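# Commentary on secondary and tertiary structure
Here is what each chain is made of, one letter per residue.
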Amino acid sequence: MRILNNRGKLKIFLFFEGLAAGIFTGSVIALFRFLTDAADEFRPAFFSCFVVPEKIFPTIAFLIFVAYFLEKAIQIDGQVAGSGIPQLKKIFAGRGKILNPFRALILKFSAATLGIGAGMSLGRAGLSVQFGAFIGSFLNKIFFAELPGLPKNHGESEMKILLTAGAGAGLAAVFNAPLAGLIFCIEELRKKFTPEVLIATVTATISASAMTDFVFGIRPIFATIAPTFSEFPGITNISAYEVFFGIYSDRLKIFLFAIIAGISAGFFGALTTKTLIFSLDFYERLKIRNFFKFLIPLSLVIPVGIFLPQISGCGNVLVDDLLNGNFGLKFLILLFAGKFLFTMICFGTNAPGGLFLPVLALGAIFGNIFGSLCVAGNFFPENQITLFIIFGMTAYFSAVMKAPITGSVLMMELTGQFSILLTLTAVSGAAFFSSDLCGGKPVFSALLNRKN
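Here the structure is a predicted model, which is why all the values come from computation and not from measurement.

### What to know about the overall build of the protein chain
Looking only at helices and strands, one finds 17 helices and zero strands in the protein chain. When each of the 452 residues of the protein chain is scored for burial, the buried share is 57%. Surface exposure of the protein chain reaches about 18800 Å², of which carbon and sulfur atoms provide 69%.

Rendered as structure tokens:
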């Protein structure tokens, strides 16, 4: 029980509440990342069972069990369904609340691990945001007491502060990106911050990121060998004039082509949001049990695993492969179409799973295609393709999520490419406005409002 009689003491207590939210959220997300990473490593062996006659029936039985478990988890607690961020936005709008955060956390954690582990094309970042909010809500139930000298609605305000802190901590932990976690809360969840919200959220995002850094090491999620603007071949026997204009003309050319990539990605981002809504509506019109809805993408895991395993799972492994590999243009187009369709089929079921990583994977493929076309046209050397993969991820994220600042900062932290922040920001803005012109809506707001 605590007794606080002024806002100064409240801020001190919120600091420690934010610290607790960050530590607990970081621990949960570290376990979640470990299990989904382990699933990524195990999945090729799982897929190999599809072509072994004596193993095919046990693997099909496992997929049926996953569909059954997902259905039962949602029956027990409706907040298990979906990515979690629209539900969280609904709470901030005063149209919902978390009834049993501990139960919801356990059920959604288990269901998402099984669904993503089995190969469904769903992300883990949106889930992590909601996991953090569950933990914030749970801590609020433990620590909250009536505080003298504060407004009557203080209880609801503090609850939302801890929800915000936990949500930011979840994003920070899953991506090792504390700054992006904070900015996401400002740009997407709360829109405006008070000193109390800032204290709790900054503390939570930093401590959560520190927890996952302790487990996985201090390194970007997507380690890349992309050349930066400051890296150019050694120059000898030419004038300072030629050096200056040679370097800056290269930078300008990359910048202009990056803007073109952003504008192009904006169109596909708007298409992605509209197709996601269409997919959700289509499954609802089928009027079938959740079990059969989940069985549709889980049954498709079999041909996907045999013929195009790269599109299964969150997409983080695919992004790594694109950043450090070399794929042909035709195969890249096949990957984009396959990942796009499979993500729509999986997400439309409203299974527990997010959008961040599938969207980043689509952006990475798009950027690789765009960069490959530039290389084929002799505009850039082949080693610049990696830069366009990064630009593609940034643009696609901004076009779908309509959070350009979060997209720019997140990509900087994900790849460690701090020298191109200005270009990332410009690409995000170009994709944002292009998506707007194509009728694209912020995906989480669109998901929240589709039934309202």
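### Details of helix H14 (residues 385–401)
In this model H14 runs 24 Å from its N-terminal to its C-terminal C-alpha over 17 residues, within 8% of the 24 Å that 1.5 Å per residue would give. Counting buried positions along H14 yields 17 of 17 residues, so the element is predominantly enclosed.

### Describing the side chain of Thr164
By the secondary structure assignment, Thr164 is in helix H6 (residues 154–175). Among the residues examined, Thr164 registers a relative accessible area of 0% and is labelled buried. Each residue touching Thr164, except ones within four places of it in the same chain, is listed here: Phe92, Cys185, Arg190, Phe193, Val197 and Thr201.

### Details of unusual backbone geometry
Unlike most non-glycine residues, Asn176 shows phi in positive territory, near 55°. Looking at the secondary structure, you find Asn176 in the loop between H6 and helix H7 (178–190). Unlike most non-glycine residues, Lys287 shows phi in positive territory, near 55°. Judged by its relative accessible area of 72%, Lys287 is exposed.

### Looking at helix H13 (residues 356–376)
Think of an α-helix as turning once every 3.6 residues; residues three or four places apart then point the same way. The end-to-end C-alpha separation of H13 is 30 Å, in line with the 30 Å expected for 21 residues at 1.5 Å each. A positive backbone phi angle near 60° is found at Asn378, which sits one or two residues after H13.

### Notes on the nonpolar core
Among the nonpolar cores identified, the biggest contains 133 residues, and Phe175, Phe356, Phe391, Tyr396 and Met401 are the most heavily contacted of them. Tallying contributions element by element places H14 first for this core, with 13 residues.

### Details of the pattern of salt bridges
Opposite charge on two side chains allows them to pair when their charged atoms are near. Throughout the structure, instances matching the rule amount to six salt bridges. We note a salt bridge from Arg289 to Glu71, for which the minimum N-O separation is 2.8 Å. Linking Arg289 in the loop between helix H9 (240–286) and helix H10 (290–307) with Glu71 in helix H2 (residues 53–76), this pair joins segments that are 218 residues apart in sequence. Looking at Glu71, the relative accessible area reads 3%, which means it is buried.

### Remarks on the confidence of the model for the protein chain
Detail in the predicted coordinates should be disregarded across regions flagged by low pLDDT. When pLDDT is averaged along the protein chain, the result is 86, and 88% of the positions lie at 70 or above. Across the protein chain, the secondary-structure element scoring lowest on mean pLDDT is H9, at 82, and the one scoring highest is helix H12 (residues 329–347), at 96. Segment residues 1–5 is flagged for pLDDT under 50; beyond a separation of four residues in sequence, or across chains, it makes 15 contacts in the model. Across residues 225–247 the pLDDT falls below 50, and counting only partners more than four positions away or on other chains, this stretch makes 23 contacts in the model.

### So, the environment of Ala169
Tracing the backbone through its elements, the reader meets Ala169 in helix H6. Each C-alpha atom of the pair Ala169 and Thr203 lies 8.7 Å from the other, and the pair is 34 residues apart in sequence. Ignoring sequence-local partners within four residues, the contact set of Ala169 consists of Gly22, Thr25, Ala204, Thr205 and Ala208.

Definitions and cut-offs
Residues numbered from 1 in each chain as written. Predicted model: local features only at pLDDT ≥ 70, side-chain atom pairs only at ≥ 80, totals over all residues. Heavy atoms only, no water. Helix = DSSP H or I, 4+ residues; strand = E, 2+ residues; numbered from the N terminus. Buried < 20%, exposed > 50% of the residue type's maximum accessible area, 1.4 Å probe, protein only. Areas by Shrake-Rupley, 256 points an atom, 1.4 Å probe, with all protein chains shown as cover. Expected span 1.5 Å × (residues − 1). Contact = heavy atoms within 4.5 Å. Core = buried A, V, L, I, M, F, W, Y, C linked by side-chain atoms within 4.5 Å. Salt bridge = Lys/Arg side-chain N within 4 Å of Asp/Glu carboxyl O. pLDDT = per-residue confidence, 0-100.

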